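Spelled out from the first residue to the last, the chains are:
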Amino acid sequence: MRKLCLIALISSYIFANELQNAIDSANSGDIIELGSGIYSGNITINKPITIDGKDRSAIIKGNGTGDVIKINSSGVRLLNLTIENSGNSHNTIDSAISCDGASRVEIINNTIQNSLFGVNFKQCNDSKIVNNFITSKPVDLGLRGDGIRLWYSHDNIVENNHLHKSRDMVVWYSSNNQIRKNYGEYGRYSLHFMYAGKNLVEDNIFKYNSVGIFFMFSSGTTARRNQILSSTGAFGVGIGMKDTSDFIIENNTLAYNARGLYLDQSPFQPGTTNIYENNKILYNTIGVQFHATLHKSIFNRNNFIGNMEVAINDTPGSKIDINDWSQNYFDDYAGFDRDKDGIGDIGYKNFTYLDSLWQYYPNLRLFYGSAIMSILNFISKLAPFSEPQLLITDPNPKMEPYHE
C-alpha cells in the first residue's frame with residue numbers, strides 16, 4: 001500500500017487531469033491524500049483505492065454535467081472530502097457520487113453540496129454511507145434530487161447522515177439494509193421504501209418534511225425509536241404504510257404531523273400482521289388514518305395524546321373491527337380504575353359519525369376549538385344523524401401514559 005499526496009495550489013482548471021491521473025497511476029489498495037484546494041471532478045474510480053481529504057478542505061468540483069465521482073470498483077473509500085457541482089439531469093440521475101455494481105464501498109465523513117442527487121447506489125452491496133452532510137441544488141423541492149438512493153442494493157449501512165433540503169432518501173428493491181441515526185429536514189420524503197424487505201430503520205430524526213417515512217409494497221421491516229415531527233404538507237404523514245405486511249413499528253415518536261400513522265391496505269398479504277407497539281402518537285391532526293383495511297393490525301401499549309382525532313376511517317366497508325387493541329393510553333378515556341391496577345374498569349371505545357364534519361371537510365379543522373364547531377361536534381355525538389361507526393375497542397385501556 002502506498003500513500004500518494006496531492007495539493008491543489010492554484011486552480012482545478014490548470015491541473016484539470018491531476019486527480020484522474022493520480023487515480024489511473026495508483027495501485028490497488030493505495031491511499032491518495034488530498035491537501036486543501038480544488039480538484040477537478042467528473043472522475044472515474046475503477047480500482048480499490050482510498051481518497052482522503054483529511055478535513056473536508058479538499059474540494060472535488062464537477063463541471064456541472066453528469067456525476068462528479070463514478071465508482072465502478074469494489075473496495076473504494078471516499079473520506080473527508082467536499083464534493084460539489086454535479087449535472088442537473090434527473091433522467092441520468094446526475095449525482096455527487098454514483099456507485100454501480102460494486103461492494104465494500106465506504107462513503108464516510110464527506111460534505112456533498114450543490115449536487116442534484118447525493119449518493120446514488122445502483123446494485124452496490126455490503127457498503128457504508130456514514131456521517132455525511134448532503135444537500136441538493138438550490139431549486140424548488142420537487143426539482144431536487146434524492147440525498148441518498150439505494151436501488152437493488154443490499155446489506156448496506158446508512159448511518160448518521162444529515163440530509164438538508166434534498167428531495168427524498170430512497171430505498172427501492174433493496175433488502176437487509178440498516179438505516180440508523182440519520183437526520184433529515186426540509187425535504188419531501190425523509191425515507192421512502194418501495195419493494196424493499198427486511199430492512200431496519202432505527203434512531204432516525206426526521207422533521208419539517210412533507211412526509212416522514214413511507215413504506216410501500218414491502219414486507220418484514222422493523223422501524224423503531226425514530227422521531228418524526230412536523231410533517232404537515234398536503235399529505236403530511238409521520239409513518240405511512242401502503243400494501244405492507246409483517247412490519248413491526250415500535251417505540252417511535254410521531255408528533256405534530258397532519259397524520260401520525262396512515263395505513264393503506266396494510267397488512268396486505270392474507271395471514272400477515274403489522275404490529276404497532278409502544279409508540280407515542282402526540283398532537284397530530286389525526287392519530288391514525290385507516291384506508292381500505294383488509295387484514296388485522298395489532299396496537300399494544302401506545303400513547304395517544306393531544307390528537308385532534310384519535311382515528312378516522314375514510315373507506316366505507318373497511319374491516320376496522322378486526323384490529324386488535326390492548327393496553328393503549330387514550331387521553332380522552334373517561335373511565336375509572338376502582339381496583340387501582342392501572343387499567344380502566346370498562347373498555348375504551350372510539351366512534352366516528354358518517355356525518356362528521358371533520359372527516360369529509362378537512363379544511364374545517366382550521367376551526368377546531370372554536371365555539372360554533374364545538375357545539376356542532378357535541379350535537380353530532382348527542383343526537384347523531386346516522387349510525388356511528390366503531391373504530392377502536394380497547395378492552396384494557398391504560399389509565400396513565402407510558403413513560404420511558
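For the structure, check the block above.
Being a predicted model, the structure only gives us computed values, none of them experimental. (Residues numbered from 1 in each chain as written. Predicted model: local features only at pLDDT ≥ 70, side-chain atom pairs only at ≥ 80, totals over all residues. Heavy atoms only, no water.)

1. Some points on the pattern of salt bridges
Point 1. Within the structure shown, the criterion is met by 14 salt bridges.
Point 2. Measuring nitrogen to oxygen at the nearest pair gives 2.6 Å for the salt bridge that ties E159 to R180. With E159 in strand β17 (residues 157–159) and R180 in strand β20 (residues 178–180), this residue pair connects regions lying 21 residues apart in the sequence.
Point 3. The buried category is assigned to R180, whose relative accessible area is 16%.
Point 4. Where R188 meets D168, a salt bridge forms, and the shortest distance between an N and an O atom there is 2.6 Å. Taken together, the residues span a long stretch of sequence, with R188 in the loop between β21 (183–185) and β22 (189–194) and D168 in strand β19 (residues 168–172) at a distance of 20 residues.
Point 5. By relative accessible area, which is 28% here, R188 ends up partly exposed.
Point 6. It is possible to trace a salt-bridge network through shared partners that takes in E202, D203, R224 and R225. (Salt bridge = Lys/Arg side-chain N within 4 Å of Asp/Glu carboxyl O. Helix = DSSP H or I, 4+ residues; strand = E, 2+ residues; numbered from the N terminus. Buried < 20%, exposed > 50% of the residue type's maximum accessible area, 1.4 Å probe, protein only.)

2. Quick word on unusual backbone geometry
Phi is mostly negative for residues that are not glycine, and the peptide bonds are mostly trans.
Point 1. In this structure, P267 follows S266 across a cis peptide bond, with omega equal to 5°.
Point 2. Tracing the sequence through the fold places P267 in the loop between β31 (259–264) and β32 (274–277).
Point 3. The phi dihedral of Y208 is positive, around 60°, even though this residue is not glycine.
Point 4. Position of Y208 among the secondary structure elements: in the loop between β24 (205–207) and β25 (211–216).
Point 5. Residue classification places Y208 among the partly exposed positions, given a relative accessible area of 40%.

3. Thoughts on the state of the cysteines
Point 1. Going through the model one piece at a time under the given rule, you end up with 1 disulfide.
Point 2. Disulfide pairing places C99 opposite C124 at an S-S distance of 2.4 Å. Residues C99 and C124 share a disulfide whose torsion about the S-S bond is about -110°; that sign makes it left-handed. Here C99 is found in strand β10 (residues 95–100), whereas its partner C124 is found in the loop between β13 (117–122) and β14 (128–130), with 25 residues between them in sequence. Each member of the pair, C99 as well as C124, carries the same accessibility label: buried. (Disulfide = S-S within 2.5 Å.)

4. Some remarks on the pairing of strand β28 (residues 237–242)
Point 1. With 5 of its 6 residues buried, β28 lies for the most part within the structure.
Point 2. Bridge analysis of β25 against β28 gives 5 bridges, and the strand direction is parallel. Bridging across to β28, V211 finds its partner in V237.
Point 3. As judged from the 4 bridges shared by β28 and β31, these two strands associate in the parallel manner. Looking at the pairing, K242 lines up with D264 of β31. (Pairing = 2+ DSSP bridges.)

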